[in-house]
Amino acid sequence: MLRSWWFAGLMLACGVLVAASQDEPWVAGAEFVVFAVLAVLLSPLVFPRSVTAAQAQERSARDGRPIVYWRPGCRYCLRLRRRLGRRAGRVHWVNIWRDPDGAAAVRAVTGGDETVPTVVAGGEAVVNPDAGWLLHRLTP
């Protein structure tokens, strides 16, 4: 859990330091807002609630929904999340920094790396898929 918030905390700390070094209050405020937005984007807040790999696999077997293995701070994960839009809730999300079994599942697919996003849909695993590929596999 601590690693998940590390990037966000770093961005906020940088924002405070940069803002504190400004003479103009409006510049300080604007710079802090930029860093705060980055902190939110790098945090787990923009993703639907994560589940464990075991929960995701069990639920996916029942409902047929894909599983996305991700980690905070990953720009490719963020891009996939953004492109899914409201349909992101129809996917089971596993944060590999919070779940060692999720990280192991990714390593098994990628040959030992923890490359994310890794998506498992219908028994097929794809690393960093196009959003269209995943959208096509979502149940209506």
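Everything below is about the structure shown above.
Owing to the predicted nature of the structure, the values given are computational and were not obtained by experimental measurement.

Conventions we followed
- Residues numbered from 1 in each chain as written.
- Predicted model: local features only at pLDDT ≥ 70, side-chain atom pairs only at ≥ 80, totals over all residues.
- Heavy atoms only, no water.
- Helix = DSSP H or I, 4+ residues; strand = E, 2+ residues; numbered from the N terminus.
- Buried < 20%, exposed > 50% of the residue type's maximum accessible area, 1.4 Å probe, protein only.
- Contact = heavy atoms within 4.5 Å.
- Salt bridge = Lys/Arg side-chain N within 4 Å of Asp/Glu carboxyl O.
- Pairing = 2+ DSSP bridges.
- Right-handed = clockwise from strand over helix to strand, strands pointing away.

Visitor: Is there a simple way to explain the environment of Val-94 in this structure?
Guide: Within the element layout of this structure, Val-94 appears in strand 2 (residues 92-95). For Val-94, a relative accessible area of 0% puts it in the buried group. Residues Val-94 and Arg-49, spaced 45 residues apart in sequence, show a C-alpha to C-alpha distance of 8.6 Å. Setting aside its immediate chain neighbours within four residues, Val-94 contacts Ser-50, Val-51, Thr-52, Ala-53, Ala-56, Ile-67, Val-68, Tyr-69, Trp-70, Asp-99 and Gly-102.

Visitor: Explanation requested: unusual backbone geometry in the structure shown.
Guide: Backbone geometry follows two general trends: most residues other than glycine have a negative phi, and most peptide bonds adopt the trans configuration. Cis rather than trans, the peptide bond between Val-116 and Pro-117 has omega equal to 0 degrees. The residue Pro-117 is located in the loop between helix 5 (100-110) and strand 3 (118-121) in this model. The phi dihedral of Asn-128 is positive, around 50 degrees, even though this residue is not glycine. Following the sequence through the fold, Asn-128 ends up in the loop between strand 4 (124-127) and helix 6 (131-137).

Visitor: What should I look at first to understand the pattern of salt bridges in this one?
Guide: Once their charged atoms are close, side chains differing in charge can pair, the charge on each being opposite to the other. Under the defined criterion, the tally for this structure stands at three salt bridges. One salt bridge connects Glu-114 with Arg-107, and the closest N-O pair in it is separated by 2.5 Å. A salt bridge links Arg-137 to Glu-124; its shortest N-O distance comes to 3.9 Å. Of the two residues, Arg-137 is situated in helix 6 and Glu-124 in strand 4; the sequence distance between them amounts to 13 residues. In this structure Arg-137 comes out as partly exposed when scored by relative accessible area, which is 28%.

Visitor: Quick question: what am I supposed to make of the environment of Phe-35 here?
Guide: Turning to its location among the elements, Phe-35 is positioned in helix 2 (residues 25-42). Residues within four places of Phe-35 in sequence aside, it is in contact with Met-11, Cys-14, Gly-15 and Val-18.

Visitor: Help me understand the pairing of strand 1 (residues 67-70) in this model?
Guide: With burial as the criterion, each face of strand 1 is covered, one bearing Ile-67 and Tyr-69 and the other bearing Val-68 and Trp-70. Relative to strand 2, strand 1 is paired through four bridges, and the arrangement is parallel. From the neighbouring strand, Val-68 faces strand 2, where its bridge partner is Trp-93. Handedness of the crossover joining strand 1 and strand 2 through helix 4 (residues 75-84): right-handed. Bridging between strand 1 and strand 3 involves three bridges; their strand directions are antiparallel. Each residue of the ladder has a partner; that of Val-68, found in strand 3, is Val-119.

Note that all results are geometric; they support no functional claim without further evidence.
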